[in-house]
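# Per-entry structural report
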Amino acid sequence: QVQLVESGGGLVQAGGSLRLSCAASGRTFSSYAMGWFRQAPGKEREFVGAISWSGGSTYYTDSVKGRFTISRDNAKNTVYLQMNSLKPEDTAVYYCAAGSGGDREFLYDYWGQGTQVTVSS
């Protein structure tokens, strides 16, 4: 069992940066790939990016490539989402998830409660 808690969301102006954190409980954190998803108002939840269990591999959806970076610290049971050059269209609730990896929700077994990110123009 893994419990996930996101933090770091907030209000930021366009062009600004935020770093989200996702703290995991449980001793098996390092065995899971971690993903970030987001859900904007009135839209379906979408994949943002993911990182392998070792941190050696990352991949992102096209709309955030070059702006967002995912990293993890297995010693701290934490995964991060560094978001730079934020745009109003990045406004959403951001969720972290633990699972086998990939860009589909069904590949993830555990989910956090989400943290709100609002980017003003």
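Here, the structure is the one placed above.
On a predicted model such as this, the values are computed, not experimentally measured, just so you know.

Turning next to the overall build of the protein. Of the regular secondary structure elements, the protein holds zero helices and eleven strands. The linear arrangement of helices and strands in the protein, starting from the amino end, is β-β-β-β-β-β-β-β-β-β-β. Taken over C-alpha atoms, the radius of gyration comes to 13 Å for the protein, in line with the 14 Å a tight globule of 121 residues would show. In terms of overall dimensions, the protein has C-alpha extents of about 40 × 25 × 25 Å along its principal axes. Pairs at least 24 apart in sequence give 56% of the contacts found in the protein among residues at least 6 apart. Carbon and sulfur atoms make up 46% of the accessible area of the protein, which totals about 6,100 Å². If you average the places of the 11 positive and of the 10 negative side-chain charges in the protein, the two averages end up 5 Å apart.

Right, let's talk about the packing of aromatic side chains for a bit. Here a ring pair, both rings aromatic, is described through the centre-centre distance and the interplanar angle of the planes. Per the counting criterion, the structure on display carries six aromatic pairs. Their ring planes at 90 degrees and their centres at 5.8 Å tell us that Tyr-32 and Tyr-110 sit as a pair that is edge-to-face. Here Tyr-32 is found in the loop between strand 3 (18-25) and strand 4 (33-39), whereas its partner Tyr-110 is found in strand 10 (residues 108-111), with 78 residues between them in sequence. The residues Tyr-32 and Tyr-110 share a single accessibility class, namely buried. It is Arg-45 that lies over the ring of Tyr-95; its NZ or CZ is 4.7 Å from the centre.

Right, let's get into the environment of Asp-103. Checked against the element boundaries, Asp-103 lands in the loop between strand 9 (92-99) and strand 10. Sequence-wise, Asp-103 and Tyr-32 are 71 residues apart; in three dimensions their C-alpha atoms are separated by 14 Å. Setting aside chain neighbours within four positions, we find Asp-103 in contact with Phe-37 and Phe-47.

The subject of this paragraph is the side chain of Thr-78. Summarising the element assignment, Thr-78 is placed in strand 8 (residues 78-83). Reaching out from Thr-78, the side chain makes a polar contact with the backbone oxygen of Lys-76 at a distance of 2.8 Å. Discounting residues that sit within four places of it in the chain, Thr-78 has contacts with Ser-21, Cys-22, Ala-23, Phe-29, Arg-72 and Asp-73.

What follows concerns the nonpolar core. Counting 29 residues, the largest nonpolar core has Leu-4, Met-34, Trp-36, Leu-81, Met-83 and Tyr-94 as its most contacted members. Elements with a minimum of two residues in this core: strand 3, strand 4, strand 5 (46-51), strand 7 (68-73), strand 8, strand 9 and strand 11 (115-120). Those residues in contact with Met-34 that sit more than four places away from it in its chain are Leu-4, Cys-22, Phe-29, Gly-49, Ala-50, Ile-51, Arg-72, Val-79, Ala-97, Ala-98 and Tyr-108. Phe-37, Phe-47, Ala-97 and Tyr-108 belong to the second-largest nonpolar core, a separate cluster that totals five residues.

With respect to burial, strand 4 is a largely interior element, six of its seven residues being buried. Where strand 4 meets strand 9, seven bridges bridge the pair, whose relative direction is antiparallel. Across the sheet, residue Phe-37 finds its bridge partner in strand 9, namely Tyr-95. Pairing of strand 4 with strand 5 involves five bridges; the strand directions are antiparallel. Bridge pairing links Trp-36 to Gly-49 in strand 5. The turn linking strand 4 back onto strand 5 is made up of six residues, and Gly-42 within it adopts a positive phi angle of 75 degrees.

Cut-offs applied
Residues numbered from 1 in each chain as written. Predicted model: local features only at pLDDT ≥ 70, side-chain atom pairs only at ≥ 80, totals over all residues. Heavy atoms only, no water. Helix = DSSP H or I, 4+ residues; strand = E, 2+ residues; numbered from the N terminus. Rg over C-alpha atoms; globule rule 2.2 N^0.38 Å. Contact = heavy atoms within 4.5 Å. Areas by Shrake-Rupley, 256 points an atom, 1.4 Å probe, with all protein chains shown as cover. Lys, Arg positive; Asp, Glu negative; His and termini not counted. Charge placed at Lys NZ, Arg CZ, Asp CG, Glu CD. Phe/Tyr/Trp six-rings, centres within 6.5 Å; stacked < 30°, edge-to-face > 60°. Buried < 20%, exposed > 50% of the residue type's maximum accessible area, 1.4 Å probe, protein only. Lys NZ or Arg CZ within 6 Å of the ring centre and 35° of its normal. Polar contact = N/O pair within 3.5 Å; in protein donor to acceptor, adjacent residues only side chain to side chain. Core = buried A, V, L, I, M, F, W, Y, C linked by side-chain atoms within 4.5 Å. Pairing = 2+ DSSP bridges.

Geometry only, nothing functional implied.
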